[in-house]
Amino acid sequence: MLTGRHIVLGVTGGIAAYKSAHLVRELIRGGAEVQVVMTHAATQFITPLTLSTLSRREVIVEMFPPSPDQPTMQWTKHIDIALWGDVMLVAPASANTIAKIACGMADNFLTTLVLALRCPLVLAPSMDVDMYGNEATQRNIAALRESGCHIIEPESGELASGLHGAGRLPDVDHLVKELAKVLESAHRDFRGKRVLVTAGPTHEAIDPIRYISNRSSGKMGFALAAAAAQRGADVTLISGPVHLQTPLTVRRIDVTTAHEMAAAVEREFPAADLLVMAAAVADFSPAHASATKIKREEQTGDSMTLTLSKVPDILKAIAPSKGKRVVVGFALETDDGVASAQRKLAAKNLDFIVLNNPRDAGAGFGVDTNIVTIIRPDAKPEQLPRAPKIDVAHAILTRAVPLLQ
Ligand code: CTP
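All of these numbers come straight from a predicted model, not from anything done at the bench. (Residues numbered from 1 in each chain as written. Predicted model: local features only at pLDDT ≥ 70, side-chain atom pairs only at ≥ 80, totals over all residues. Heavy atoms only, no water.)

(A) Structural detail: the site of the ligand. Around the ligand sit 16 residues in total, of which M277, A279, D283, K344 and K348 are the nearest. Measuring from an oxygen atom of the ligand, one finds a backbone N or O atom of A279 at 2.8 Å. For the ligand, an oxygen atom lies 2.7 Å from a polar atom in the side chain of K344. Alone, the ligand offers 570 Å² of accessible surface; in the complex the protein occludes 77% of this. Spatially, the ligand is embedded in the largest pocket. The set of elements that each furnish at least two residues to the shell around the ligand consists of α11 (314-318) and β16 (326-332). Looking at the shell around the ligand element by element, the count peaks at four residues for β16. Split by residue class, the shell around the ligand holds eleven nonpolar, one polar and four charged. (Near = heavy atom within 4 Å. Polar contact = N/O pair within 3.5 Å; in protein donor to acceptor, adjacent residues only side chain to side chain. Areas by Shrake-Rupley, 256 points an atom, 1.4 Å probe, with all protein chains shown as cover. 1 Å grid on protein atoms, 1.4 Å probe; cavity = no way out; pocket = protein on both sides within 12 Å on 5 of 7 lines; lining within 4 Å. Sits in = over half its atoms within 2 Å of the grid points. Helix = DSSP H or I, 4+ residues; strand = E, 2+ residues; numbered from the N terminus. Nonpolar A, V, L, I, M, F, W, Y, C, P; charged D, E, K, R; others polar.)

Now the structure itself:
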């Protein structure tokens, strides 16, 4: 699995950095090419000379040339390495570097490179027990996991401080095995493909305070964007109002209303090879949003009437310009699912439609798993087992691959 693979190894400042020498040796022995990138703090624990000797490559620490009289450094190195890598492992990943990556900072070579990555990112957190258990660290790790990062859990045991608990960098054999697993699942079959995903609900204003919306959390669409990015696609994600972290390397466009989403899809669709329309777009919006807050006393009697008008069907609108692009829709149905999804498939000129029912336990809004049925023209519906949304996303993308050829 390692033979000929390009592995970017990030080393950050922690006592376990000494293990990276052994790790580099094992990766090289397995036939991989290894590019080591270190933070300044890491160089306090192990020297770049050691790691460059073992990896047989220059180790990169600096973002800028150390002095003006140095030969001009190639400025796009972080981009070149980001494109070169099949996978990046940060081991040990310190609390500081995890926090920086979680908020998208780029204040050294390693974190700048991470922002430009197009391959899977694997983090092996390693630090003292209380730093690992700290709420901020746990929040950052959870956010990174949500945005598609692979986390290798630290081991529990005696730590350098003398304390006992979770925080030890696992053995090199375990790290190599986990890395091989990620490489195995990291199909780079979307390299060079441009994928457009829509996610989340839309908000349709009633007045400056109130709106009409739905229960969509955006999780399925964000998982699709993360999965496509992991597989090497150039991903644009058009998102309604949600509280989710943008997956690594994904370009995100935020919209609020169905009209804004329609305009963004219309603009981005011509450049896409695949559109996955996972957003729960409104079908109706208030005919006239009031410019000022609607007052209770202004309404006579016990009721008020709100007139809604139909908003454009985005998929129907783009159908005539589909060309060779692959278009996948979603259908959320509570009853008569297959027949209704089949009608939408035909009416919206889709390559296939992903049916799910929010009433099924473990499917639908807000939850981290989904149960979907793939419906294609002239084929039997294919029901997939309940699985985490990221796995369902990969399964959907796998079914789009043959259509993209
Ligand atoms: N969709 C769209 N534009 C809309 C509404 C929905 O492009 N204004 C897309 C959704 O993103 C989804 C597909 O159409 O991929 C099916 O959405 P759904 O709401 O299930 O279907 P509708 O055609 O709106 O039918 P209904 O709500 O009546 O079931």
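(B) Just the layout of surface pockets, in detail. In this structure, the largest pocket occupies an estimated 950 Å³ of space. Considering the residues around the largest pocket, the lining is formed by 37 residues, among which A279, A280, V281, F330 and L332 are closest to the centre. Only α9 (219-230), α11, β16, α12 (337-347) and β17 (352-356) provide two or more residues apiece to the lining of the largest pocket. Looking at the lining of the largest pocket element by element, the count peaks at four residues for β16. For the lining of the largest pocket, the per-class residue count stands at 19 nonpolar, ten polar and eight charged. Put simply, the second largest pocket is a space of about 720 Å³. Lining the second largest pocket are 26 residues, with R145, G148, C149, Q230 and I390 positioned closest to its centre. For the lining of the second largest pocket, the residue count by class is twelve nonpolar, six polar and eight charged. (Points joined across faces, edges and corners; volume = space filled by probe spheres on them.)

(C) Broad picture of the sheet that holds β17. The sheet built from eight strands is open, its strands ordered β12-β11-β8-β13-β16-β17-β19-β20 with mixed pairing. Of all the strands in the sheet, just β12 (251-254) and β20 (382-383) have a single pairing partner and so form its edges. As defined by bridge partners, strand β8 (residues 194-199) adjoins strand β13 (residues 274-277) across four bridges and the pair is classed as parallel. What sits directly across from V195, in β13, is L274. (Pairing = 2+ DSSP bridges.)

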